[in-house]
Amino acid sequence: MKIICVGRNYAEHIKELQNEKPAEPLLFIKPDSAVLPNKNPLVLPDFAQDFHFEVELVIKINKLGKYIETQFAHRYYDEIGLGIDITARDLQARLKAKGLPWEKAKAFDNSAVVSREFISKTDFPDLQNIRFSLKKNDTIVQQGHTAKMLWQIDELISYISRYFTLKKGDLIFTGTPSGVGKIQLNDVFTGYIEGKEMFRIKVK
Ligand code: ZN
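Cut-offs applied
- Residues numbered from 1 in each chain as written.
- Predicted model: local features only at pLDDT ≥ 70, side-chain atom pairs only at ≥ 80, totals over all residues.
- Heavy atoms only, no water.
- Helix = DSSP H or I, 4+ residues; strand = E, 2+ residues; numbered from the N terminus.
- Rg over C-alpha atoms; globule rule 2.2 N^0.38 Å.
- Buried < 20%, exposed > 50% of the residue type's maximum accessible area, 1.4 Å probe, protein only.
- Contact = heavy atoms within 4.5 Å.
- Areas by Shrake-Rupley, 256 points an atom, 1.4 Å probe, with all protein chains shown as cover.
- Lys, Arg positive; Asp, Glu negative; His and termini not counted.
- Charge placed at Lys NZ, Arg CZ, Asp CG, Glu CD.
- Pairing = 2+ DSSP bridges.
- Donors = N, O, S within 2.8 Å, 3.2 Å for Na, K, Ca; no water.
- Axes fitted to C-alpha atoms, helices over the stretch in contact; angles between N-to-C directions.

Caption draft 1: Broad picture of the overall build of the protein. A count of helices and strands for the protein gives four helices and 14 strands. The globule rule puts the C-alpha radius of gyration for 204 residues at 17 Å, and the 16 Å found for the protein is close to it. Its C-alpha atoms give the protein principal-axis dimensions of about 45 × 40 × 30 Å. Residues classed as buried in the protein amount to 52% of the 204 residues present. Counting contacts in the protein only where the partners sit at least 6 residues apart, residues at least 24 apart contribute 77% of the total. When the accessible surface of the protein is summed, it comes to about 10000 Å², and 48% of that surface belongs to carbon and sulfur atoms. Of note, the protein has its 30 positive side-chain charges centred 2 Å away from the centre of its 26 negative side-chain charges.

Written out as structure tokens, the structure reads:
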């Protein structure tokens, strides 16, 4: 199982990091060892100082596919969950400045929070009208709306499958909306899709 992450899929988040809007989706991969086991607290590693949360809608692939056309992409997933793409922002900035790959800043152990439960996509009347959010302690820090994605879910699946064969169980992190910020010791992060609690993670 692998995680394919989409970077810069919401215009406001591109602005807050002062990045350029890409002409095509930006992709990177996290290995299966990046998944934080459910029930485990998040323990921040010692190789960076500035860890950021990025809440993202997560798509679970349900069958093998390659070169999937956008119009058929909906057949490749049944369920939608929520996750946090944990990013070592200071390390990422150093790697970016040197033009080096991001893996150490993005794909390290426990850098992917994934909700235990997923929601059937048939529970949503419109996949382009899903709202999700992240609470840090008692404050809502990020609010996302799939209508504001630069590339919609089906377009992402089609694009990704040109490069990476999608397999049953693979996860797609669809990009973060604005509001990313620092993770601190003892923070509690709670994620919601349409008001339903999807995960609760403690930082230790
Ligand atoms: Zn991300």
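Caption draft 2: Representation of the sheet that holds strand E6 (residues 87–88). With respect to topology, three strands assemble into an open sheet ordered E6-E3-E12, the strand pairing being antiparallel. Both outer strands of the open sheet, E6 and strand E12 (181–182), are each paired with one neighbouring strand and no more. Alignment of strand E3 (residues 51–53) against E12, held across two bridges, turns out to be antiparallel. Note on E12: the bridge partner recorded for phenylalanine 53 is glycine 181.

Caption draft 3: Region of the structure containing the coordination of the zinc ion. The zinc ion binds to the protein through Glu54 (OE), Glu56 (OE) and Asp85 (OD), with metal-donor distances spanning 2.0 to 2.1 Å. Mapped onto the polypeptide sequence, the residues donating to the zinc ion form the spacing pattern E-x1-E-x28-D. Taken individually, glutamate 54 and glutamate 56 each receive the classification buried, so the pair is uniform in this respect.

Caption draft 4: Seen up close, helix H4 (residues 153–163). Turning to H4, its buried residues are Ile153, Leu156, Ile157, Ser158, Tyr159, Ile160 and Ser161. Turning to H4, the residues buried within the fold contact strand E1 (2–7), strand E2 (26–31), strand E4 (55–61), strand E5 (77–85) and strand E11 (171–173).

Caption draft 5: Broad picture of the sheet that holds strand E10 (residues 139–145). The strand order across the open sheet built from four strands is E10-E9-E13-E14, with neighbouring strands paired in antiparallel fashion. The sheet is open, and its two edges are formed by E10 and strand E14 (196–202), each paired on a single side. Strand-to-strand twist of the sheet, defined as the mean angle between neighbouring strand axes without regard to direction, takes the value 15°.

Caption draft 6: Examining the environment of isoleucine 160 more closely. Here isoleucine 160 lies in helix H4. Sequence separation between isoleucine 160 and proline 37 is 123 residues; the distance between their C-alpha atoms is 26 Å. Every residue in contact with isoleucine 160, bar those within four places of it in the chain, is listed here: Ile4, Val6, Leu27, Leu166 and Ile172.

Caption draft 7: Layout of helix H2 (residues 89–97). Within H2, the full set of buried residues consists of Arg89, Asp90, Leu91, Gln92 and Leu95. Buried residues belonging to H2 abut helix H1 (11–16), E3, E6 and helix H3 (103–106). With its phi angle positive at about 70°, glycine 99 sits one or two positions after the end of H2.

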